[in-house]
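What follows is the residue order along each chain.
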Amino acid sequence: MFPERFNAIRGLDSKILCSLLSQAAKIKSSPESYASVLKGKTILQFFVENSTRTRLSFEAATRKLGGVNLSFSAATSSLSKGETLTDTVNVIRQYGVDGIVVRHRSMGAPDLLSNATGLPVINAGDGAHEHPTQALLDAFTLGEHWKVDFKNPDCFRGKKIMILGDLRHSRVARSNIHLLTALQAEVHVCAPSTLMIPNLELFPKVTTHSFPDSVISGMDALMALRIQTERQTQGVIPSLAEYREFWGLSVERAKRLARKTVILHPGPMNRGVEIDSEVADSAASLILKQVENGIFARMSVLASVVGRVNS
Ligand code: NCD
């Protein structure tokens, strides 16, 4: 039976991950056969931290599966009057809720809600912990580009992927490392030492680099991450201009890439810092494909976690 929570990639069996990816491919090719999977069900979109694409794609995915959205806005809610997270959710569920999509600045908030409510929960990003549906849509986008068979648990074997940028604050990077290594990709991470993941022992399969230039030409994919200025209480990089010069996917650096290398970025982008516009908008970029595929990846997760459909 599919688990009633999708709060982390870590610890999930690769069979489950492959079934979600192949189901996303099925949904993309025939969305009409999934149009009533959430019929009669209400999904609480509980976003306590800002979001554009994740929130909109979860709402669109819910509608395309025939479900109804109940949307929560943190700034205008009683959370700002000191109500606890569990109290707030227990109040909202009285209006009838069959599943919760949650984004929160604190790690572990989705698990807290799973345990406190007993409802199906999907993590839409919790602090610097995980962002499992982003990793799923990234792997789906790469696998679609490489035309892999998602039913095969080692479908990314032989592929080299580098994640470059603010790894320290990135839940996207953590979920991606778990998923890409589960599919047997060779994962490289690169960041200034102050932006590297602090507890790398939790990610034993990755290869780390301080600078990208000697290795980027061998990569099949490069994923640039946003410099998360809002999470940096101390100055961890001397200046954005120096960051761009040594680690950014600048026009000059992109010239070192092989013709086969594709570019990803989870968004939102700081153009001219971690990625130049010419690179983000180039033929090698899969960035808008990631956005498009976000709906199918999220439909797949909602269908399995709340709709109890298994591909
Ligand atoms: C990411 C997030 O919120 O973790 N964005 C997203 O969901 N597409 C990455 C980021 O904020 O930089």
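Attention here is on the structure that accompanies the text. (Residues numbered from 1 in each chain as written. Predicted model: local features only at pLDDT ≥ 70, side-chain atom pairs only at ≥ 80, totals over all residues. Heavy atoms only, no water.)

In this section: the site of the ligand. Taken together, Arg53, Thr54, Arg103, His131, Gln134, Arg171, Val172, Arg226, Gln228, Pro266, Gly267 and Pro268 make up all the residues around the ligand. Contact between the ligand and glycine 267: a nitrogen atom at 2.9 Å from a main-chain N or O atom of the residue. Those elements that provide at least two residues to the shell around the ligand are α2 (53–64) and α6 (171–182). Tallied by class, the residues present in the shell around the ligand amount to three nonpolar, five polar and four charged. When residues of the shell around the ligand are assigned to domains, at least three map to each of domain 1 (5–127 + 294–305) and domain 2 (132–291). (Near = heavy atom within 4 Å. Polar contact = N/O pair within 3.5 Å; in protein donor to acceptor, adjacent residues only side chain to side chain. Helix = DSSP H or I, 4+ residues; strand = E, 2+ residues; numbered from the N terminus. Nonpolar A, V, L, I, M, F, W, Y, C, P; charged D, E, K, R; others polar. Domains from an automatic or database assignment.)

In this section: the sheet that holds strand β9 (residues 221–224). Taken together, five strands build an open sheet; the order of strands is β8-β7-β6-β9-β10 and the sheet is parallel. At either margin of the open sheet sits one strand with a lone partner, and together these are β8 (207–209) and β10 (262–264). Direction aside, neighbouring strands of the sheet carry axes that sit 20° apart on average. The pairing of strand β6 (residues 160–164) with strand β7 (residues 186–190) spans five bridges and is classified as parallel. Following the sheet pairing, lysine 160 is matched in β7 by glutamate 186. Helix-sheet contacts for helix α5 (residues 132–146) involve β6, β9 and β10, and the interaxial angle to β10 is about 165°. (Pairing = 2+ DSSP bridges. Axes fitted to C-alpha atoms, helices over the stretch in contact; angles between N-to-C directions. Contact = heavy atoms within 4.5 Å.)

The nonpolar side chains of a soluble globular protein tend to be buried, and buried together. Ranked by internal contacts, the top residues of the largest apolar core, which has 86 residues, are Leu142, Phe156, Ile163, Leu167 and Leu302. Of the residues forming this core, the biggest block, nine residues, is contributed by helix α10 (residues 287–305). Among the domains, domain 1 (5–127 + 294–305) and domain 2 (132–291) are the pair contributing at least three residues each to this core. Beyond its immediate chain neighbours, meaning those up to four positions away, leucine 167 contacts Ala173, Arg174, Val189, Cys190, Ala191, Leu195, Met196, Ile197 and Leu225. (Core = buried A, V, L, I, M, F, W, Y, C linked by side-chain atoms within 4.5 Å. Buried < 20%, exposed > 50% of the residue type's maximum accessible area, 1.4 Å probe, protein only.)

Turning next to the packing of α5 against α6. Following both chains from N to C, one finds α5 and α6 inclined at 55°, their axes separated by 8 Å at the closest point. Considering their axes alone, α5 and α6 lie oblique with respect to each other. Here α5 runs over α6; the crossing is right-handed. Where α5 abuts α6, its residues Pro132, Gln134, Ala135, Leu136, Asp138, Ala139 and Leu142 lie against Val172, Ser175, Asn176, Leu179 and Leu180. Looking at the contact of α5 with α6 residue by residue, the classes come out as eight nonpolar, three polar and one charged. (Parallel < 35°, antiparallel > 145°, perpendicular 65-115°, else oblique. Left-handed = near helix turned anticlockwise from the far one by under 90°.)

Spatially, β1-β5-β4-β2-β3 is the arrangement adopted by the five strands of the open sheet, whose pairing is parallel. In the strand order of this sheet, the two ends are held by β1 (5–6) and β3 (68–73), each with one partner. Where strand β2 (residues 42–47) meets strand β4 (residues 99–104), five bridges bridge the pair, whose relative direction is parallel. Paired with phenylalanine 46 across the bridge in β4 is valine 102. Along the sheet, helix α3 (residues 85–92) contacts β2, β3 and β4; its crossing angle with β2, the most-contacted strand, is approximately 150°.

Moving on, we come to α6. With 12 residues, α6 should reach 16 Å at 1.5 Å per residue; the first-to-last C-alpha distance of 17 Å fits that figure. Of all the 12 residues making up α6, 12 are buried; the element is thus mostly covered by neighbouring parts of the structure. Looking only at α6, the buried set comprises Arg171, Val172, Ala173, Arg174, Ser175, Asn176, Ile177, His178, Leu179, Leu180, Thr181 and Ala182. Near the N-terminus of α6, the side chain that reaches the backbone nitrogen of valine 172, with its oxygen 3.3 Å away, is that of serine 170. Of the residues trailing α6, glutamine 184 is marked for its positive phi of about 75°. (Expected span 1.5 Å × (residues − 1).)

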